[in-house]
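Each chain, written out:
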Amino acid sequence: MRLVILDEYDLASEWAAKYIRNRIIQFQPGPQKYFTLGLPTGKKHSLGCYKKLIEYHKSGDLSFKYVKTFNMDEYVGLPRDHPESYHSYMFNNFFKHTDIDPANAHILDGNATDLEAECEAFEEKISKAGGIDLFVGGIGPDGHIAFNEPGSSLVSRTRVKTLAKDTIVANARFFGNDLSKVPTMALTVGVGTVMDAREVMILITGAHKAFALYKAIEEGVNHMWTVSAFQQHPRTIFVCDEDATLELRVKTVKYFKGSCKLSSSARK
């Protein structure tokens, strides 16, 4: 497990985007060898990273032609063209600005006739793609990853999930602060789905995520803080800003900052 601490949000976003770019380039994807990328849809933690990836693409440094993506979640019952659907968010803020084939950008269908079958099909698509090479995720203040709310099984798969009241309240700001307009259910990849990825990177920024980061790395694995499961993944990187470290012990911060300096020096 690694913890990378940057001074502020923009630097954390840039570091994450560079990491994704480098992983794709090192993989050398092609017609017979697609890089498979899991993506988050949280508005705050992902937007800065997506903007940098778009910059790399427009400058000619990065192509998504041979990349397949799988997004973490989608609301149930929200029209696909609704401005707050994750379909709209991803295409407006990322996909349409790159050269990815829309057929290779996979997002769960929250309006499917059979939601359980939709979840099973999503797992099958991931499997047929050869699994996820790098799954990028964000978390909520209560430590949930995707919509795996507190109490979710740490071996869960893609499924229908009822949203916690705290999540509904937190997301109300995207719906004019009208709780009645916020979807109460979602389709989400499971913790187990993300754990199956060959590598996981979790973005955690802002003081309001500080306690969740503390629970993620300084305490034990706990299904009430689903992000803590990734302590047990062989290749997990937590990327955060200084504000997110406010609840961490000083020696924890010093240790990981020291580790980053040593690894940077080794690469020079």
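Predicted model only: the values in this text are computed from it and were never measured.

A. Here's a closer look at the UniProt feature "domain: Glucosamine/galactosamine-6-phosphate isomerase" (unreviewed entry) in the chain. Mapped onto the present numbering, the UniProt feature "domain: Glucosamine/galactosamine-6-phosphate isomerase" (unreviewed entry) falls on residues 16–233. Helix makes up 32% of residues 16–233 and strand 15%. Its end C-alpha atoms lie 18 Å apart.

B. Up close: the sheet that holds strand β3 (residues 67–71). Pairing is parallel in the open sheet, where seven strands are placed in the order β1-β10-β9-β6-β2-β3-β5. The open sheet has two edge strands, β1 (2–6) and β5 (105–106), and neither has a second partner. When strand β9 (residues 200–204) meets strand β10 (residues 236–241), the two strands line up parallel, connected through five bridges. Of the residues in β10, the one forming a bridge with Val200 is Thr236. Across the sheet, helix α7 (residues 210–217) lies against β1, β9 and β10, angled at about 155 degrees from β10, the strand it touches most.

C. Representation of the sheet that holds strand β4 (residues 73–75). The antiparallel open sheet is built from three strands, whose spatial order is β4-β8-β7. Sheet topology places β4 and β7 (159–162) at the edges, where each strand pairs with a single neighbour. Each strand of the sheet is rotated relative to its neighbour by a mean of 30 degrees, with strand direction disregarded. Alignment of β4 against strand β8 (residues 185–188), held across three bridges, turns out to be antiparallel. Residue pairing for β8: Tyr75 is matched across the bridge by Ala186.

D. Molecular detail of the packing of helix α2 (residues 43–58) against helix α3 (residues 86–93). Where α2 meets α3, the closest approach of the two axes is 10 Å, and the angle between their N-to-C directions is 30 degrees. Accordingly, the angle class assigned to the pair α2 and α3 is roughly parallel. Of α3, the residues touching α2 (which contributes Lys43, Ser46, Leu47, Tyr50 and Ile54) are Tyr86, Tyr89, Met90 and Asn93. The residue makeup of the contact of α2 with α3, split by class, is six nonpolar, two polar and one charged.

E. Spatial organisation of the pairing of β8. Inspection of the sheet shows β7 paired to β8 by four bridges, in the antiparallel sense. Looking across to β8, one finds that Val160 is bridged to Leu187.

F. Highlighting the side chain of Ser228. Among the secondary structure elements, Ser228 is positioned in the loop between α7 and β10. Look past the residues within four positions of Ser228 in its chain and what remains in contact with it is Lys215, Ala216, Gly220, Val221 and Asn222.

G. Here's a closer look at the environment of Ala146. Inspection of the secondary structure assignment puts Ala146 in the loop between β6 (134–138) and β7. When the C-alpha atoms of Ala146 and Leu187 are compared, they prove to be 9.3 Å apart, with 41 residues separating the residues in sequence.

H. Examining unusual backbone geometry more closely. If you check the backbone angles, Gln28 has positive phi at about 55 degrees while not being a glycine. If you trace the backbone, Gln28 turns up in the loop between α1 (9–27) and β2 (35–39). Residue classification places Gln28 among the exposed residues on the basis of a relative accessible area of 60%. Unusually for a residue other than glycine, Asn177 sits at a positive phi of about 55 degrees.

I. Spotlight on the pattern of salt bridges. Taken as a whole, this structure holds 11 salt bridges when the rule is applied. Arg198 serves as the salt-bridge partner of Asp133, at 2.9 Å between the closest nitrogen and oxygen. Here Asp133, found in the loop between α4 (115–128) and β6, pairs with Arg198, found in the loop between α6 (191–195) and β9; they are 65 residues apart in sequence, far enough to count as distant. Between Arg249 and Glu218 there is a salt bridge whose closest N-O contact spans 3.9 Å. Within this pair, whereas Arg249 is found in the loop between β10 and α8 (250–267), its partner Glu218 is found in the loop between α7 and β10, the two being separated by 31 residues in sequence. Residue Arg249 is classed as partly exposed on the basis of its relative accessible area, which comes to 43%. Judged by relative accessible area, which is 15%, Glu218 ranks as buried. Here the salt bridges do not stand alone but share partners, grouping Arg23, Glu199 and Arg235 into one network.

Procedures and definitions
Residues numbered from 1 in each chain as written. Predicted model: local features only at pLDDT ≥ 70, side-chain atom pairs only at ≥ 80, totals over all residues. Heavy atoms only, no water. UniProt positions renumbered as here; feature names shortened; annotations may be inferred. Helix = DSSP H or I, 4+ residues; strand = E, 2+ residues; numbered from the N terminus. Pairing = 2+ DSSP bridges. Contact = heavy atoms within 4.5 Å. Axes fitted to C-alpha atoms, helices over the stretch in contact; angles between N-to-C directions. Parallel < 35°, antiparallel > 145°, perpendicular 65-115°, else oblique. Nonpolar A, V, L, I, M, F, W, Y, C, P; charged D, E, K, R; others polar. Buried < 20%, exposed > 50% of the residue type's maximum accessible area, 1.4 Å probe, protein only. Salt bridge = Lys/Arg side-chain N within 4 Å of Asp/Glu carboxyl O.

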